[in-house]
Structures are given as structure tokens and as C-alpha cells.
Amino acid sequence: MNIVRDVLKPIGKGLKITMRHFLEPKDTVSYPEQRKEQFARTRWKHVLLRYENGLERCIGCSLCAGACPVRCIYVEAADNTDTERYSPGERYAKRYEINLLRCIYCGYCQDACPTGAIVLREDYELADYTRESFIATKEMLLEPLPVRDEVAEGVK
Amino acid sequence: MDTRVQEIVLRDSSTPAIPNLEMGGNVLVTRLDEIVNWARRNSIFPLTFGLACCAIEMMSSAASRFDLARFGMEVFRASPRQADLMIVAGRVSKKMAPVLRQIYDQMPSPKWVVSMGACASCGGIFNNYAIVQGVDQIVPVDVYVPGCPPSPDALIYALIKLQQKIRTQRLGMLLELTPRTETPALETSDGTRAIEASDASK
Ligand code: SF4
Ligand code: SF4
Ligand code: SF4
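Source: prediction; values computed, not measured.

What counts and what doesn't
- Residues numbered from 1 in each chain as written.
- Chains lettered and ligands numbered in written order.
- Predicted model: local features only at pLDDT ≥ 70, side-chain atom pairs only at ≥ 80, totals over all residues.
- Heavy atoms only, no water.
- Helix = DSSP H or I, 4+ residues; strand = E, 2+ residues; numbered from the N terminus.
- Rg over C-alpha atoms; globule rule 2.2 N^0.38 Å.
- Contact = heavy atoms within 4.5 Å.
- Areas by Shrake-Rupley, 256 points an atom, 1.4 Å probe, with all protein chains shown as cover.
- Pairing = 2+ DSSP bridges.
- Axes fitted to C-alpha atoms, helices over the stretch in contact; angles between N-to-C directions.
- Patch = residues over 30% accessible without salt bridge, like charges linked within 9 Å, V, L, I, M, F, W, Y side chains within 5 Å.
- Salt bridge = Lys/Arg side-chain N within 4 Å of Asp/Glu carboxyl O.
- Lys, Arg positive; Asp, Glu negative; His and termini not counted.
- Charge placed at Lys NZ, Arg CZ, Asp CG, Glu CD.
- Buried < 20%, exposed > 50% of the residue type's maximum accessible area, 1.4 Å probe, protein only.
- Near = heavy atom within 4 Å.
- 1 Å grid on protein atoms, 1.4 Å probe; cavity = no way out; pocket = protein on both sides within 12 Å on 5 of 7 lines; lining within 4 Å.
- Sits in = over half its atoms within 2 Å of the grid points.
- Nonpolar A, V, L, I, M, F, W, Y, C, P; charged D, E, K, R; others polar.
- Core = buried A, V, L, I, M, F, W, Y, C linked by side-chain atoms within 4.5 Å.
- pLDDT = per-residue confidence, 0-100.
- Disulfide = S-S within 2.5 Å.
- Phe/Tyr/Trp six-rings, centres within 6.5 Å; stacked < 30°, edge-to-face > 60°.
- Lys NZ or Arg CZ within 6 Å of the ring centre and 35° of its normal.
- Buried area = accessible area lost by both parts, 1.4 Å probe.
- Polar contact = N/O pair within 3.5 Å; in protein donor to acceptor, adjacent residues only side chain to side chain.

> Just to check I follow, could you spell out the overall build of chain A for this structure?
A tally of helices and strands in chain A yields five helices and five strands. Since a compact globule built from 156 residues should have a radius of gyration of about 15 Å, the 26 Å found for chain A marks it as more spread out than a globular shape. With the C-alpha coordinates of chain A rotated into their principal frame, the extents come out at 95 × 45 × 30 Å. Across chain A, the fraction of contacts at a sequence separation of at least 24, relative to all contacts at a separation of at least 6, is 69%. Only carbon and sulfur atoms are counted for the fraction: they give 54% of the accessible area of chain A, which is about 10200 Å².

See below:
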């Protein structure tokens, strides 16, 4: 056995590969401090949108619940009245709940919605300790009301 | 590591805070608690329990792109005797359920369970006769991760939450010495329990 040819040379060869990868730029995303860039069509937690004037887009038609392959959406509709108006149409969703644990984030609800009310956004940090905490109610899903810039509107 | 956990807690109010002494914490072993918990949460050995597609994401979170080794969790153990954490990744069929419970019983205490993905957590898209509707019917689950499959960052987020949970555990409560007899009894959609947890623990 030749000690140089059979032992030292292969070790050097192997270490050369190790060193080459050692000097390459790092691939690791150190997650909590640094976030991976999400793809444009990433689908995670749902958001219920509003129109610019603050009315809800959702009209309580339950088409999303029908399209959902795992049946994890529950919609209960109620009529809008002139004094209590939530959405521009005839009806609005009184209760809107999604079981985020059973949801498979397929985006079929987004495709089915006639008014574009429900969209899936990029918030993927959803893990939790109890099963009950995964029921997302309408209040948790709805976009916050737009803040009115009263100075710009000339009200003040 | 601690700054990471702090960062997650700041962003997320549902993570339990560490109970302080005024609220009935333990006086004698407080410092010991902290040392033990620090050691435990930074060297969690997960068990390889990939059951379906979610396992691919679990493997990818151990690879260099996400690198679970940053949290001391890269040593995936094939033997339950050497594992602390069972990541149930994938759907649990009713045939697999007794096996899963047995492996859980073989793990030494303290042990934790992360239910990864919609299938393991509640059955997901497979609401049918063959799949256990949530692995919490057979073992106590500490953290649930939604998604189909959860991306590696979502899994790492769950593991950080688990670390935070371990941080709040107290030695004085002898939590890990008392056998956990009660398993949460969640009903399946048709009102029957998939498997009797007491059978497996006998
Ligand atoms: S993303 Fe898919 S599974 Fe989730 S609520 Fe929408 S339709 Fe249902
Ligand atoms: S979110 Fe869209 S599809 Fe679902 S009930 Fe509202 S309007 Fe109908
Ligand atoms: S949650 Fe989705 S990815 Fe995970 S095991 Fe079930 S079907 Fe597969």
C-alpha cells in the first residue's frame, strides 16, 4: 500500500470539495431573524377584503363554502338594512368562519368568490397550542377599516 | 437562541409567558428549572415519523436551506428511545394509530408531540373511514401546525413555539414524572372516537 497515493491523496481530494463548499455563499435562511422571500402566488391565511369606502366585499353567497374541498368554511348570511349596511349588495355575511386547521390552502375559495372578497395572503405563522384557536371568525379575517385622512378630505 | 424566542413572543401574544414567582411559581428549584429547560429546549431530538407528503417538508427543514441544526434539532432519531419530540408529519390511518401510540409510549419522558399538517391535526381533506381525524385522539399534542403541507418556515415557527412552551414548564410540578393518563377526547364528525386511548396505554 502506498501511503501517499492511497491515503493522503484521497483525503486531500475530499477535503478540497469540503473547502470549496465551505467558501461558497451560504444558502441558509436564518428564519426568525430573516425571512425567505415568498413567491408571488403564495397562499396562506385568508383575508376578507373591503371596498375603498369601507364596505365589506363579501355578500354572504356561500359560493366559497361550496367550492371548498374540505368544507371548512361556514357562512351565515343576513339582510342589509338601510340603517345597518355592511356590504353594497342585498345581503352580507353575519357569520363567516374558517377552520384554518382543516383548510388545505388550495385557494378554491378565492377562485369561487364573485366579488373577490376572500384572498389568501402570505401570513404563514399559524401554529398554535389548541385546536379551538384555529377557528378564524369574521372579525379575525376582515381587513381593518381604512383610516380616514380627514385633513386631506377637508373635513377638518 | 433566546433572542429568537423573544422575537417570536413579541410578535405573537398567544404564546404563554413564563409564570412569575408572585403567581405561584416554585421558589426552591427556580434557577434549576431554567437550566434544565434551557438544556431541554436546545437539544430536542425529533423522531422520524413521516407518514405522508408532509414528511418531505419536514426533511427539507432539516436540510441546509432551513437548517434545523440552528435549533439543536437536526438529529432525527429512528429509535423512539433516543427521541424527545415526535413530529407526526402526515395522515395517520386507523391501522397506523396503535403503532403510533406504541412508539409514543416507548419514548422516554419528557416528550412532546408536534402535529404537522392538516391531516395529522384534524384529518384534513381525508374526512373518511380510514384516517384518524386528528392525532390528538391518540396522543397529547403540544403544537399544531396548519397547512398542506406547512412550509419549512411554518414548521420552524411551530418548533420555536414548542421551545417557548418547554421554557414555561416547571420542575416542581413533576409534570414529566406523572404518567399522562388522560388523552383529549375529541369527537370525530360522526360522533365516534377513532380509537380508545386507554387500550393502547394498558
Ligand atoms: S383555501 Fe381551499 S381548503 Fe382553505 S378555505 Fe379556501 S377552498 Fe377551503
Ligand atoms: S367570500 Fe365571496 S364567495 Fe364567500 S360568501 Fe363572501 S362573497 Fe360569497
Ligand atoms: S396535510 Fe397535505 S401535505 Fe400533509 S400529509 Fe396531509 S395531504 Fe399530505
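Now, onward.
> It is not clear to me how the sheet that holds strand S2 (residues 85-89) of chain B should be interpreted in this structure. Could you clarify?
Picture the strands of a sheet paired through backbone hydrogen bonds; they go either parallel or antiparallel. Residue and element names in this part refer to chain B. Spatially, S1-S2-S3-S4 is the arrangement adopted by the four strands of the open sheet, whose pairing is parallel. The strands lining the two open edges of the sheet, one partner per strand, are strand S1 (46-47) and strand S4 (143-145). Across the sheet, helix H3 (residues 54-62) touches S2 and strand S3 (112-116), and the angle it forms with S2 is around 135°. Along the sheet, helix H4 (residues 97-106) makes contact with S1, S2 and S3, crossing S2 at roughly 165°.

> I'm lost on a positive patch on the surface in this one. Help?
Residue and element names in this part refer to chain A. There is a patch of like positive charges on the surface, built from Lys9, Lys13, Lys16 and Arg20. Along the chain, Arg20 falls in helix H1 (residues 3-23). Taking relative accessible area as the criterion, Arg20 reaches 51% and is therefore assigned exposed.

> I would appreciate a short explanation of the site of ligand 2 in the present structure.
Residues and elements named next belong to chain A. With respect to spatial proximity, 13 residues lie near ligand 2, and among them Cys58, Cys61, Ser62, Cys64 and Cys113 are the closest. Here ligand 2 occupies the largest cavity. Grouping the constituent residues of the shell around ligand 2 by class yields ten nonpolar, three polar and no charged.

> Explain the nonpolar core to me, please; I cannot follow it from the model alone.
Within soluble globular proteins, side chains that are nonpolar tend to cluster in buried spots. Within the largest apolar cluster, 77 residues are counted, with the highest numbers of intra-cluster contacts made by A:Ile73, A:Tyr96, B:Met86 and B:Leu100. Tallying contributions element by element places helix H6 (residues 152-167) of chain B first for this core, with nine residues. Setting aside chain neighbours within four positions, we find A:Ile73 in contact with A:Cys64, A:Ala65, A:Cys68, A:Tyr96, A:Glu97, A:Ile98 and A:Cys109.

> I keep staring at the confidence of the model for chain B and nothing clicks. Help me out?
In regions of low pLDDT, the predicted coordinates are not meant to be interpreted in detail. Residues and elements named next belong to chain B. Averaged over chain B, the pLDDT score is 77; the fraction of residues at 70 or greater is 69%. By mean pLDDT, helix H7 (residues 197-201) is the weakest element of chain B at 40, and S4 is the strongest at 93. Low confidence marks residues 20-24, where pLDDT is under 50. Its contacts with residues over four positions away, or in another chain, come to four contacts. Under the prediction, the complex receives an ipTM of 0.82, its pTM being 0.78.

> Honestly, the state of the cysteines in this entry has me stumped. Any pointers?
Simply put, disulfide is the name for a covalent bond between the sulfur atoms of two cysteines. Counted under the stated rule, the structure contains zero disulfides over all chains. Summary of cysteine pairing: A:Cys72 is not part of a disulfide, and the nearest cysteine sulfur, belonging to A:Cys68, is at 3.7 Å.

> What is the right way to look at the pattern of salt bridges in this model?
Should the charged atoms of two oppositely charged side chains come close, the side chains can pair. Residues and elements named next belong to chain A. Enumeration according to the criterion identifies eleven salt bridges over all chains in this entry. Notably, a salt bridge pairs Arg5 with Asp6, separated by 3.2 Å at the nearest N-O pair. Take Asp6: its relative accessible area is 33%, and that puts it in the partly exposed class. Through salt bridges with shared partners, a single network forms among Glu76, Lys94, Arg95 and Glu97.

> What's the story with the packing of aromatic side chains in this structure? I'm lost.
Aromatic ring pairs are described here by two measures, namely the spacing of the ring centres and the angle between the planes. Residues and elements named next belong to chain A. Evaluated as defined, the whole model comprises four aromatic pairs over all chains. Between the aromatic rings of Tyr31 and Tyr124, the centroid separation amounts to 6.2 Å while the plane-to-plane angle is 50°, which identifies the pairing as tilted. Within this pair, whereas Tyr31 is found in the loop between H1 and strand S1 (46-48), its partner Tyr124 is found in the loop between strand S4 (118-120) and strand S5 (135-136), the two being separated by 93 residues in sequence. The two residues Tyr31 and Tyr124 agree in class, both being buried. Judged by centre distance (5.1 Å) and plane angle (50°), the ring pair of Trp44 and Tyr105 falls under tilted. Linking Trp44 in the loop between H1 and S1 with Tyr105 in the loop between strand S3 (91-99) and helix H3 (108-112), this pair joins segments that are 61 residues apart in sequence. Residue class for Trp44 comes out buried when judged on its relative accessible area of 7%. Classification of Tyr105 by relative accessible area gives buried; the value is 4%. The aromatic ring of Tyr86 is capped on one face by Lys138, whose charged end is 5.5 Å from the ring centroid.

> Just checking my understanding: could you explain the interface of chain A and chain B for this structure?
Size of an interface: often given as the accessible area lost when the parts come together. Contacts between chain A and chain B engage 28 residues on the former and 42 residues on the latter. Here chain A and chain B share an interface that buries about 3000 Å² over both sides, 59% of which is from carbon and sulfur atoms. Contact with chain B buries area across many residues of chain A, yet A:Arg102, A:Tyr129 and A:Arg131 alone supply 27% of it, more than any other trio. Our count for the chain A to chain B interface comes out at two salt bridges. Across the pair A:Asp128 and B:Lys161 runs a salt bridge, and its minimum N-O distance is 3.7 Å. The interface formed by chain A and chain B holds twelve residue pairs in polar contact (both at pLDDT 80 or more) in total.

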